[in-house]
Amino acid sequence: GSAFDAVIQTLKRAGIPVAGADRLKLTEHIAIIDLMNLADALLLPQDDLALAVALKSPLFGLIDDDLLRIAPGRQGSLRDALAEAAASDARLKSAHDHLDACAKHAAQTPFSFYAWLLGGDVDSGRAKILRRLGLEANDALDEFLELALTYEAKAPASLQGFIAWLRAADTEVKRDMEIARDEVRVMTVHGAKGLEAAVVFLIDTTSS
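Being a predicted model, the structure only gives us computed values, none of them experimental. (Residues numbered from 1 in each chain as written. Predicted model: local features only at pLDDT ≥ 70, side-chain atom pairs only at ≥ 80, totals over all residues. Heavy atoms only, no water.)

Caption draft 1: Fine view of the side chain of His29. Assignment of secondary structure puts His29 in the loop between strand E2 (23-25) and helix H2 (30-43). Exposure remark for His29: the relative accessible area of 15% places this residue in the buried category. Those residues in contact with His29 that sit more than four places away from it in its chain are Leu24, Leu133, Ala137 and Ala140. (Helix = DSSP H or I, 4+ residues; strand = E, 2+ residues; numbered from the N terminus. Buried < 20%, exposed > 50% of the residue type's maximum accessible area, 1.4 Å probe, protein only. Contact = heavy atoms within 4.5 Å.)

Caption draft 2: Summary view of helix H7 (residues 110-118). Among the residues of H7, those classed as buried are Pro110, Phe113, Tyr114, Leu117 and Leu118. For H7, the arc enclosing every buried residue in end-on projection is 120°, short of the 170-degree limit, so these residues lie on one face. Immediately downstream of H7, the backbone of Gly119 shows phi near 55°, a positive value. (Arc of directions from axis to C-beta.)

Caption draft 3: Summary view of the environment of Phe201. Mapping Phe201 onto the fold places it in the segment after strand E4 (184-186). Considering only alpha carbons, one finds Phe201 and Leu99, 102 residues apart in sequence, at a separation of 45 Å.

Caption draft 4: Representation of the nonpolar core. With 48 residues, the main nonpolar core has Leu38 and Tyr114 as its most contacted residues. Ignoring anything within four residues of it in the chain, the contact list for Tyr114 reads Leu35, Met36, Ala39, Gly119, Phe144, Leu145, Leu159, Phe162 and Ile163. Among the nonpolar cores identified, the runner-up in size contains five residues, and Ile8, Leu11, Val18 and Val186 belong to it. (Core = buried A, V, L, I, M, F, W, Y, C linked by side-chain atoms within 4.5 Å.)

Shown next, in the form of structure tokens:
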């Protein structure tokens, strides 16, 4: 609930290491929303909203001011406007070039595409996401790639099919909170059964 999310965000703002939630709805995680919006923008180049969300994600790193320079008053699609503005702006050119590369790789299987996108180097999509969202995003990204592999074993490996299947599946991930790490664990009472800690805070104990 709202108290759960508020505790995690407040701990992060205070600079206190926190493991994140013990359970997460994969399609509600901000990193996964960004990955799905990128797929939507690649599958339908006229989907300006999906592209705008993707461009503001850590994968591309644009900000509101960048979009306000190119989006209002454009004649064609946002993608066309980005291509036009890329000629005179290094940041927009970098975003446009990365979008072009994504479009070329999107013809691969879903797992191959996202494995390429998230990559493994210091400037990979995964590294960019973790720099903005924190290390706990690793769980969601790993589960996302695992689901891409699972999907390919069940159905024709298309990006459109995978995204539709993912949204319909509404997958919930249970994170392994038994690993002893020097960070706060925020859990439901049910999820905490059998675990021990030196200090335990119980919150939100009076609501029904």
